[in-house]
Amino acid sequence: MDNEQIVLLSSREIEKMRQAGRVAAELLNYLEPMVKPGVSTLELNDAAEAWTQARGYKSAPLGYPSGSDNPFPKSICTSVNEVVCHGIPNAKQILRDGDIINIDVTPLVEGYHGDTSRTFLVGEASPLARKLVEVTQECLMRGIAAVKPGGKIGDIGAAIQEYAESQGFSVVRDFVGHGVSRIFHTAPQIPHYGTRGKGKKLRPGMVFTIEPMINEGTYEVEVLADQWTAVTKDRKLSAQFEHTIAITPSGVEILTLQPALVGATQ
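The structure reproduced in this document is the subject of the present report.

Helix and strand counts for the protein chain stand at four helices and 17 strands. If one aligns the C-alpha atoms of the protein chain with their principal axes, the spans along those axes are about 45 × 45 × 40 Å. Going through the 266 residues of the protein chain one by one, you find that 52% of them count as buried. Of the contacts made within the protein chain by residues no fewer than 6 positions apart, 69% connect residues no fewer than 24 positions apart. Carbon and sulfur atoms form 49% of the exposed surface of the protein chain, whose accessible area is close to 11400 Å². Computed over 26 positive and 31 negative side-chain charges, the inter-centroid distance for the protein chain is 5 Å.

If you want it as structure tokens, here you go:
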């Protein structure tokens, strides 16, 4: 993926991405009240799929990648506690008081992908879990704040890594942010660790996700036998937040803000 050419989107294409991003944020807002003890991750998945279909859109994760002999079997990713990413919703996984869950959604809206995720607290979370979630969200916002035309991709990862490690947490290396538009995953890759001034140049028209996965313990992960679910190697907690952003001539625009917060930072 990193060797692919980075495509710069036109203003018309960015408007399409803006629409898709709004839909993605609205979907997470819709699911948020359902995140409570006693709810299964399959119930969250089915609610997301019904909401998406009712609006005439598709769930990009379902059956992704096409042609694969092991496509993703559900409409959203639900990553609970030690699951870093790509958790598969199922009826047997019931949310419990104190859990944390990342919900990652990507509705496909008129051919464009709106990609975003948030980590939610289930009931009364421990102080450690709450701190991890708060730090992870701050990591995302610091990564976004590091984006500017003429900067480098390494600036993003450096801002995230410095803050996460200063708070006693670690940054996952195995998964990265990515270019996104009509194609779900494309260039550039956006590591969430790195060195300022390194990497490819940031240019207006680039659209990509920033989606730091921050772990309580080691940054190392394992992928389970289903070939999707990634978990922390030490089985300690992991949290993630994700926005899709566009680089503008003057700075950066978050395309997946909550609708009520459009025009503000989230």
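A word on the pairing of strand E16 (residues 243-248). Across the six residues of E16, six count as buried, placing the element largely inside the fold. Burial of E16 is two-sided: the residues His243, Ile245 and Ile247 facing one way and the residues Thr244, Ala246 and Thr248 facing the other way are all buried. As paired strands, E16 and strand E17 (residues 251-254) are joined by four bridges and run antiparallel to one another. Paired with Ile247 across the two strands is Val252, which belongs to E17. From the end of E16 to the start of E17, which pair antiparallel, there are two residues.

Our focus in this paragraph is the pattern of salt bridges. Under the counting rule described, the total for this entry stands at eight salt bridges. Between Glu110 and Lys16 there is a salt bridge; the shortest N-O distance is 2.6 Å. Here Lys16 lies in helix H1 (residues 11-31) and Glu110 lies in the loop between strand E5 (107-109) and strand E6 (112-113), a separation of 94 residues in the sequence. Between Arg196 and Glu162 there is a salt bridge, with its nearest N and O atoms 2.5 Å apart. Taken as a pair, Arg196 in the loop between strand E10 (186-190) and strand E11 (207-210) and Glu162 in helix H4 (residues 153-166) lie far apart in primary sequence, 34 residues in all. Overall, the relative accessible area of 46% leaves Arg196 in the partly exposed class. Taking relative accessible area as the criterion, Glu162 reaches 46% and is therefore assigned partly exposed. Overlapping salt bridges bring together Glu15, Arg18, Arg22 and Glu253 as one network.

By the alternation rule, side chains of strand E2 (residues 77-80) split into Cys77 and Ser79 and Thr78 and Val80, which are all buried. With four bridges joining them, E2 and strand E4 (residues 100-105) adopt antiparallel strand pairing. Looking across to E4, one finds that Ser79 is bridged to Asn102.

Turning to the sheet that holds E4, a few remarks are in order. As summarised here, the arrangement of the three strands in space is E2-E4-E7, forming an open sheet in which the pairing is antiparallel. For this open sheet the edge positions go to E2 and strand E7 (116-121), each flanked by a neighbour on one side alone. Strand-to-strand twist in this sheet, taken as the mean axis angle between neighbours without regard to direction, amounts to 20 degrees. Two strands pair when backbone bridges link them, and E4 and E7 are joined in this way by six bridges, in the antiparallel orientation. By the bridge assignment for E7, Asp104 is matched with Ser117.

Rules and cut-offs
- Residues numbered from 1 in each chain as written.
- Predicted model: local features only at pLDDT ≥ 70, side-chain atom pairs only at ≥ 80, totals over all residues.
- Heavy atoms only, no water.
- Helix = DSSP H or I, 4+ residues; strand = E, 2+ residues; numbered from the N terminus.
- Buried < 20%, exposed > 50% of the residue type's maximum accessible area, 1.4 Å probe, protein only.
- Contact = heavy atoms within 4.5 Å.
- Areas by Shrake-Rupley, 256 points an atom, 1.4 Å probe, with all protein chains shown as cover.
- Lys, Arg positive; Asp, Glu negative; His and termini not counted.
- Charge placed at Lys NZ, Arg CZ, Asp CG, Glu CD.
- Pairing = 2+ DSSP bridges.
- Salt bridge = Lys/Arg side-chain N within 4 Å of Asp/Glu carboxyl O.
- Axes fitted to C-alpha atoms, helices over the stretch in contact; angles between N-to-C directions.

Honestly, it's all geometry; don't read function into it.
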